[in-house]
Amino acid sequence: MTTQAGTRVPTPDTAHRPARWVRTRLRASPLAALLMAALAFVTVFLAAAFPRVADRGADAALRDFVSQKRLVQTSLQTTSKVLDDDDAVKLDRVQQNLIETAGRELTLARSGEAYGARALGDRGMGNPEYVRFAEKRTDPVLGLLYLHDLAARATLTDGTWPPPGDVGGPLPIVISKKAAETIHIKLGDVIDNGVEGSGAKRTTVVVGFYQLNDPLDPFWDDLGCPARACLNATPAHEHWMTSGFVDGSSLPAMVRWGSGGENFWRLPVDPASLHADQLDRTRSVISSFLTGHDATALAGSTGRANLHTSSNLPDILTRADERYQASLPLSAIGPAGVAGVATVVLFLAAALTTDRRTAEIRLLRARGGSLAGVLRRLIGEGAVTVLPAAVLGTALALVLLPTPRWDRSVLAALVATLIALLAFPARAALLWARGRASGGRRRLVGELAVLAVTVAAVAEVRRRGVGAGAGLDPLLVAAPLLLAVTGGLLLARIEPVVVGWLSALAGRGRGLIGFLGLARAARDSSGRRKPSVLPLLALLIAVTATGFGATVLATVDHVRTRAARIVTGGDIGVSLPGYATLTDSFTKAAGALPGVRASTAVWVEPKTRIVDADRNYTEAYLVMVVDPAAYAEIARTLGVGEFDPAKLTGTSGGRDTPVPALVSRDLAKRLAAGSSQVRTPNGNDLRLTVAGTVGATPALPDPGKPFVVVPAGPAWERLPDAKRVNEWFAVGDVDPEGVRTALRENGGAQPVGLAKLIADEAAAVGKTAHGLPAGYTVHSSRETAAALGDDPLQHAAGRLFWYSAAASAGFALLAVLLTLFRAAPDRTALLARLRTMGLRPRQGLALIVTEALPQTFAAAVGGGLVAVAAVALLGGAFDISTLVGARVGEVITPVLMPVLLPTAGLALLVGLGVVLETLVAGRRQIATELRAGEQS
């Protein structure tokens, strides 16, 4: 509207409206808003990523653990009695029913499914022309099965697949061509399988030969002996056995042949579908199929009341869950440290922002702004920068690290988002709280409370400890962090006093840089003598968590190596089967290999008897050592059964002259009464005199029963027929391939007779390796340790720790840089004034480094000491067996290098960051300060 004078009066539509707060603030400080968004993005992304990394590692470890088990152990095995009218069609219908029912709850591995029927009784093959062992004359044995879709896994080589059997006639079967060649079965043979209870003859007729497409496929594990003729090496009953297959319409005839029959259906669970966080549900589902509601429903839907399902998978999953729970406390230390450092960094960023905007916030309050109104505006301002970055970081973690469980990631991301969003408003609220409370007294009370909680946590952890498989213990995970926080608070009290004292000492000298740098390091940005707690906490938590985790991993590596050496009996070992003997040429060639420090051949006889003075005998091992001095060196190196080699110095003599012996502790009590002797399996006696007692010996690190160690030379003089060795041990950096080459070239006698058949059987099932005969084994501690460490669960824990260490180092560096930024205006003004008085740029850099060095050095040293203290106080509560790969009794103990290396690395990283920040930003800031007041 317009007045008479022509002046336009503002209307509500055209009146001036104040600019929105958030938009104004973001335009005023776009760089600060961008940096806050970047910090929130990184923090939230890591918070969401770490739980998913842990889940993926646990899932991979679970799948590997289950996949290593036999197919039959990880399957649902369903059986029922063969009915009179059963045939292939009815078995197909039951299989489809089982797949549909189980497939709704479990993911099945279709490639491993198998079903069919088997005769419950195996029968001998009485044809006189078939091969038998000359001494035993035991008939070879035949088992019959029907297997669905056999033709898809086997190739017919001769004859035809079996037709339906005629009532009263021989039952048509097919067998393996390899089995036929071994037993001398011919195509068309009518096999005499004995007689039934009624006197009628059991016969089968061979109508075809086949060969399996993949004889080593785990599919065949529980399906008899279909690939070849297998050797039953039971003493006094050695014989060949094999399996034959019948047609699906011949099941009633197969049942009569075997005096009973059983249908079977195998449904393997796909290991790739298993998830560590769903083990309880998976076990519950499987248990329902075994004995619960689903088992009853299956029996009803198939019309087979005697349908029964069994599986070893629940026990396997239970063991996998125990391993996972045992690894949780160790794998959670690193992420917990990252969480602590990231929280400190967020509060540091909030403190920096508060210092920059203190005057603005006080002005808002002075002009009538309410506390709630001002905080609401600050939260709204932060929401515009933090929330989009948090959503993006969470979404990126969910996409880049796919895993079914998302709740922990989202919860961790939400907590990180809330801290990033509320840290600045909470810090601003303290501006009004400071005047109403005594800051020094309140801080002292808080520090004493933290100290009390830390002492209580450490005492409780040490009192009750942590059992194997106990799962994630929040108190155990929090205890190292509480120690770090307590150490940081204590260091924040001590550091300014010590640095101030050093500053006073430096002030007495002629140089200015050291005095100014140390004087500024002893004060905060406002110039008051007050410790700067948050940067110290960030560095201390990072160093403590990294040093603690590095100590754990170093201990695990050391214990694993020692366990592997003990299992091996040294750094390298050779063992032979019972029929073989190591040759002198091998022991000489192996002992001369590069790296061998001490070596000896040994004869270990497990079936000896120790006869005491009362003529009572005890089953024991006998260990004859060729070189007692080398054996003593091996025992000393391993720390197992150490002894003085002089104790095994024997003298020549007749059969009745005693031989010095080292005996196990339990055996020493029985032999203390008087003389004793060893009786070998061939009936020879060797008189002993007890020269010492040991708890174990390298050849028998975990004997399980008493043992005796004697020098081989004197023993062989008294027992010439016992002059042989079947094991060899050495310590040193020895290449196992060199030992295998020496064994191949100087292996000695090859097996003959039954021993050769046993060796051939081992070769047929893939038990030979490295070109050595079956039973010839070279044990390497290096390879054993690698096998123990080849566990995805261990690799996942190690990766999680190193990821956490890198993230902690990054946040710690950021904490130091934020501290430098916080003091930048005051420092820049000081450097500008000093430049006008002749301070050179290099001296300015030295001043900044001197200012930052005390805090970094104090945090590094303090963090290292806290890490060592945490290991000493809490190491006994951790069970490292899961990470080692074997059951061990060792505890985590303080080690210097695992703490020193990450501590020095973090200190160096922080120092380089300080120098880089000074070179990049310092000159520009000083130049700007020097040009203040110039006219453009």
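Relevant structure appears above.
All values reported here derive from a predicted model rather than from experimental measurement.

> Which residues make up a nonpolar patch on the surface, and what are the values?
A cluster of nonpolar side chains, contributed by Leu490, Ile494, Val497, Val498, Trp501, Leu502 and Leu505, occupies part of the molecular surface with about 650 Å² of accessible area. Here isoleucine 494 is to be found in helix 12 (residues 474-507). Note on isoleucine 494: relative accessible area 40%, which makes it partly exposed.

> Go over the pairing of strand 1 (residues 75-81), please, and point to the residues and values.
Counting buried positions along strand 1 gives six out of seven residues, so the element sits mostly inside the fold. In the sheet, strand 1 pairs with strand 11 (residues 261-268) via seven bridges, with the strands oriented antiparallel. Bridge assignment links threonine 79 to a residue of strand 11, and that residue is phenylalanine 264. Taken together, the three bridges between strand 1 and strand 12 (residues 308-310) define a ladder with antiparallel strand orientation. The residue bridging glutamine 77 from the neighbouring strand is serine 310, located in strand 12.

> Lay out the state of the cysteines in plain terms, naming residues and giving numbers.
Following the criterion strictly, the structure yields one disulfide and no others. Two residues, cysteine 225 and cysteine 230, share a disulfide whose sulfurs are 1.7 Å apart. Taking the torsion about the sulfur-sulfur bond, which here is approximately 90°, the covalent link between cysteine 225 and cysteine 230 counts as right-handed. Here cysteine 225 falls in the buried class, since its relative accessible area comes to 8%.

> Give me the environment of proline 140: which residues, what numbers.
Checked against the element boundaries, proline 140 lands in the loop between strand 3 (123-124) and strand 4 (141-147). Distance from proline 140 to cysteine 230, taken between C-alpha atoms, is 9.8 Å for residues 90 residues apart in sequence.

> Describe the nonpolar core, and please don't skip the residues or the numbers.
Phe878 and Ile880 are the most contacted members of the largest nonpolar core, which has 77 residues in total. Looking at this core element by element, the count peaks at 14 residues for helix 14 (residues 533-568). Excluding residues that lie within four positions of it along the chain, phenylalanine 878 makes contacts with Pro329, Leu330, Ile333, Leu476, Phe548 and Ile892. The next biggest cluster of nonpolar side chains, apart from the first, holds 56 residues, and it includes Val66, Leu142, Leu251 and Val255.

Parameters at a glance
Residues numbered from 1 in each chain as written. Predicted model: local features only at pLDDT ≥ 70, side-chain atom pairs only at ≥ 80, totals over all residues. Heavy atoms only, no water. Patch = residues over 30% accessible without salt bridge, like charges linked within 9 Å, V, L, I, M, F, W, Y side chains within 5 Å. Areas by Shrake-Rupley, 256 points an atom, 1.4 Å probe, with all protein chains shown as cover. Salt bridge = Lys/Arg side-chain N within 4 Å of Asp/Glu carboxyl O. Helix = DSSP H or I, 4+ residues; strand = E, 2+ residues; numbered from the N terminus. Buried < 20%, exposed > 50% of the residue type's maximum accessible area, 1.4 Å probe, protein only. Pairing = 2+ DSSP bridges. Disulfide = S-S within 2.5 Å. Core = buried A, V, L, I, M, F, W, Y, C linked by side-chain atoms within 4.5 Å. Contact = heavy atoms within 4.5 Å.

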